[in-house]
Amino acid sequence: MAEDKNKRDSIEIRMKGCQANNGFVQNEDIPEQDADPGSPTDTPQHRPEGLHGALEADFKGIQPYAGMPKEVLFQFSGQACYRLPREILFWLTVASVLVLVGATIAIIAISPKCLDWWQAGPMYRIYPRSFKDSDKDGNGDLKGIQDKLDYITTLNIKTVWITSFYKSSLKDFRYGVEDFREIDPIFGTMKDFENLVAAIHDKGLKLIIDNIPNHTSDKHVWFQMSRTQTGKYTDYYIWRDCTHENGITIPPNNWVSVYGNSSWHFDEVRNQCYFHQFMKEQPDLNFRNPDVQEEIKEIMQFWLAKGVDGFSFDAVKFLLEAKHLRDEIQVNKTQIPSTVTHYSELYHDFTTTQVGMHDIVRSFRQTMDQYSREPGRYRFMGTEANTENIDRTMMYYGLPFVQEADFPFNHYLTKLDTLSGNSVYEVITSWMKNMPEGKWPNWMIGGPDNSRLTSRWGNEYVNTMHMLLFTLPGTPITYYGEEIGMGNIVATNINESYNTDTLLSKSPMQWDNSSNAGFSEASHTWLPTHSDYHTVNVDAQKTQPGSALKLYQELSLLHANELLLSRGWFCLLRNDSHSVVYTRELDGINRVFIVVLNFGESTLLNLQEMISYLPSRLRIRLSTNSAKKGSEVDTRGIFLDKGEGLILEHNMKNLLHHQTAFRDRCFVSSQACYSSVLNILYSVC
Ligand SMILES: [Ca+2]
Ligand SMILES: [Ca+2]
C-alpha cells in the first residue's frame with residue numbers, strides 16, 4: 001500500500017511540476033476536488049487504482065495554488081526548480097545582510113572623526129597677571145580677562161588657556177602652589193572664576209588651565225604636616241636622611257635642581273632632606289604614594305566639576321625619580337664631582353621620564369575621561385614636555401589603544417637657534433614624521449618662558465611666522481600679545497625680587513595708547529609697559545591696514561573657513577636657507593593653496609621649477625604685505641622681501657600627495673570624509 005502511495009505521489013508531482021503558476025485557478029482545473037474537499041475518496045490516497053491513468057490526464061497542467069494541501073505543497077517544494085531559486089534567494093539575503101553590516105562597520109572604522117573643539121580652532125594663552133587689570137591694583141586679574149573676551153572672539157580663537165592662577169606667594173610666577181583649590185587673591189575670587197567660566201562658555205569658547213602636579217609650595221599644608229610627620233602626610237614628599245660635615249649638608253646623591261645646586265634641602269623641623277626638582281621652596285610630591293595620586297585626582301575633579309574644559313599638565317617628565325637614588329652620570333667625566341652645580345652638567349636618567357611616569361599621566365587621562373562622556377563636553381589634555389627630544393615627546397600621545405595626552409605642546413618652533421627655510425622645514429618634518437598615526441599636531445611660536453617673537457627674530461618675521469602658524473596642519477597656539485607683535489621688556493626697578501630674564505615676555509598687554517597701554521588705571525603696574533605701546537597696540541592696529549593684528553585676524557578667519565587648512569594634506573615642495581614652500585590640498589577640492597614663506601633675506605623663487613605644470617600667473621589669496629592681496633604673481637620668478645609670505649591659490653586636479661615623488665613629503669592628520677567613487681566631500685565637520 002505504501003509503495004502504491006509513493007508511486008501515485010511521484011506521478012502527481014511529475015504531472016504538476018515545473019510550470020508557471022497562473023494564480024487562483026483551482027476551480028477551473030480541478031472542480032471535482034473543490035466540491036467536497038473533506039471526502040476521503042477525493043484524496044489521492046483513497047482513489048481507486050483504475051483512476052490513475054485518468055487522473056494523470058486530468059491533472060496534466062495543474063500547478064501549485066494557494067490553498068493546496070500542505071502535504072502536496074511539500075512535494076512541490078522539494079523539487080529542484082523550486083528549491084534552487086528559494087535557496088539562492090535565501091543565501092543572497094544572508095550575503096546582502098552580511099555585506100551591509102560589514103560595509104557599515106568599515107565606513108565607521110575608516111571615516112575620519114569630526115574635529116573636536118580643541119582641533120577646530122586656535123588656542124590663546126594668557127598670562128593672567130599681565131592681560132588686563134580690572135581693579136586698579138596694577139595686576140591683571142580674572143575679571144580683566146572676562147572684560148576682554150570680545151577681543152578674543154575677534155581673533156577667531158576657540159580655546160582660552162589661562163596659565164597658573166592658584167594661591168601662591170612664591171616669587172616663581174604661581175608655580176609653587178599653596179592651595180590647588182584657591183584662586184590667588186591677586187587674581188580675584190572663586191566667584192570671579194566661576195563668572196569667567198560662564199562668560200567663556202557663553203561666547204562659545206572653551207577654557208583650559210594649568211595643572212601643576214609635580215610639586216607644591218613649601219607653605220602648602222601638606223608640606224607643613226609632612227615635615228612634622230603627621231599621619232598620612234608623612235610620606236607626601238620625598239624625604240631622605242642627609243649628613244653634615246663641618247656645618248655643610250651632605251645630600252644623599254649628586255642630583256641637581258633645574259635652577260642649579262643640589263636638589264636636596266635640609267629641613268630642620270624634620271631633621272631630614274627633602275627633594276626638589278625646581279626651587280627649594282617647591283618640594284616634589286612623592287608620586288609613589290597612592291594617597292598623593294588620589295589627592296591630585298581629586299583636585300582635577302574639583303576643577304572639572306567647575307566646568308573647566310581641559311588641563312595643560314606642567315612638568316610631567318619630573319613626576320617620578322629613581323628609587324635607588326644613584327648618582328647621575330656627569331656629562332664631562334673629568335669634571336671634579338664637587339663642582340657639578342648646573343643642571344646641564346648631568347645626564348638626568350634617574351630624575352626624568354622614569355618607568356611608571358606615563359602610567360600616572362594615563363591615570364590623569366582616565367579621570368578626565370569620566371567627565372568627557374557627555375556629548376560636546378570632551379575634556380582636553382595637553383602635556384608640557386618642554387625640553388624633551390622628539391621621541392620622548394611623542395610618547396605623550398600614548399599608544400594605539402591607550403590614549404594619553406591629546407597632544408604634547410609643541411615648543412620646537414620657539415626653540416629654533418636660527419631662523420631659515422631649512423630650520424623651519426626641519427621642525428615641521430620632525431614633528432609630522434614622528435607623530436603617531438591618527439594623532440593631531442599643534443604649533444606654538446611664543447610662550448611665557450620664551451623671548452618675544454619680535455625680539456627673537458625681528459619685526460620683519462612676525463607676520464610670516466603667523467602665516468606659518470595658521471597654514472600648518474594642526475592647532476595653532478598663540479601667546480597673548482604675539483598677535484600685535486609685542487616685544488621683550490627689560491624690567492628694572494620692580495618691587496619684587498624676580499630674575500628679570502624670566503620677565504621678558506610677561507609685560508602688560510598693550511590695548512591702546514593711554515597710560516599703562518590701557519592695561520591698568522593704577523599709578524603703578526607690576527611690570528612696566530613696553531615703550532613702543534603708543535604704536536604697537538590693539539586699538540591702533542585694529543583699524544590699520546597691513547597691521548600684524550589685521551593679518552592675524554585674516555589668517556585665523558581663513559583657517560576657520562577653509563577645509564584645506566583645517567583638514568588638508570600638507571606637502572613640502574622645497575626648502576632652502578631662505579624660504580620654505582608647501583601646499584595644502586584635499587581630495588574633493590580641485591583647488592590648492594601654495595604657501596611661500598621667506599625666513600631669510602630677500603630672494604627670488606621659481607615655482608615652475610617645483611611644479612612644471614603651474615600656470616605662469618597665480619592669484620595671491622593672502623600676503624604679509626596687505627597691498628599685494630588679490631593681485632597675481634609670475635610663478636617663474638617670485639620676488640620675496642625679507643620675511644615676506646604669500647598664500648597662493650591655484651586650481652589643480654593633479655594633487656601632490658597622489659604622486660610618488662612626494663610620498664615622503666606629504667602628511668595628513670585627519671582629512672575630511674571624501675568619496676572618490678561619488679566625488680562627494682563631506683565638509684560639515
Ligand atoms: Ca587687578
Ligand atoms: Ca618629582
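For the structure, see preceding data.
What counts and what doesn't
- Residues numbered from 1 in each chain as written.
- Chains lettered and ligands numbered in written order.
- Predicted model: local features only at pLDDT ≥ 70, side-chain atom pairs only at ≥ 80, totals over all residues.
- Pairing = 2+ DSSP bridges.
- Helix = DSSP H or I, 4+ residues; strand = E, 2+ residues; numbered from the N terminus.
- Core = buried A, V, L, I, M, F, W, Y, C linked by C-beta atoms within 7 Å.
- Buried ≥ 20, exposed ≤ 12 C-beta atoms within 10 Å, placed from the backbone.
- Expected span 1.5 Å × (residues − 1).
- Arc of directions from axis to C-beta.
- Contact = placed C-beta atoms within 7 Å.

> I tried to follow the sheet that holds strand β5 (residues 206-211) on my own but got confused; where do I start?
Across the sheet, eight strands lie side by side as β15-β12-β11-β5-β2-β1-β17-β16; this open sheet has parallel pairing. Both outer strands of the open sheet, β15 (407-408) and β16 (442-444), are each paired with one neighbouring strand and no more. Pairing analysis gives four bridges linking strand β11 (residues 310-313) to strand β12 (residues 380-383), with the strands arranged parallel. Bridge pairing in β12 links Gly310 to Phe380.

> What should I look at first to understand the nonpolar core in this one?
Burial of nonpolar side chains together is a common tendency in soluble globular proteins. Of all hydrophobic cores here, the largest spans 129 residues; its most connected members are Ile126, Val160 and Val596. A total of seven residues in this core trace back to one element, the largest contributor, which is strand β20 (residues 589-598).

> Please clarify how the pairing of β20 should be interpreted in this entry.
Within a regular strand, side chains alternate between the sheet's two faces. By the criterion of burial, β20 is predominantly enclosed, with eight of the ten residues buried. Sheet analysis places strand β19 (residues 579-586) next to β20, joined by seven bridges and oriented antiparallel. Of the residues in β20, the one forming a bridge with Thr583 is Ile594. In sequence, β19 turns back onto β20 through a hairpin of two residues, with Gly588 there showing a positive phi of about 100°. Relative to strand β25 (residues 645-651), β20 runs antiparallel, the two sharing seven bridges. The partner of Arg591 across the bridge, within β25, is Asn651.

> Is there a simple way to think about helix α10 (residues 190-202) in this case?
In an α-helix, one full turn covers 3.6 residues, which means residues spaced three or four apart are oriented alike. Between its first and last C-alpha, α10 extends 18 Å over 13 residues, near the 18 Å set by a 1.5 Å rise per residue. Of the positions making up α10, those classed as buried are Phe193, Leu196 and Ile200. Around the axis of α10, the buried residues are gathered within 60° of arc, so they sit on the same side. Those residues of α10 that are exposed and angled more than 90 degrees off the buried face are Lys191, Ala198 and Asp202. Residues of α10 that are buried in the fold lie against α8 (142-147), α9 (149-154), β2 (159-162), β4 (179-183) and β5.

By themselves, these observations are geometric and do not establish any function.
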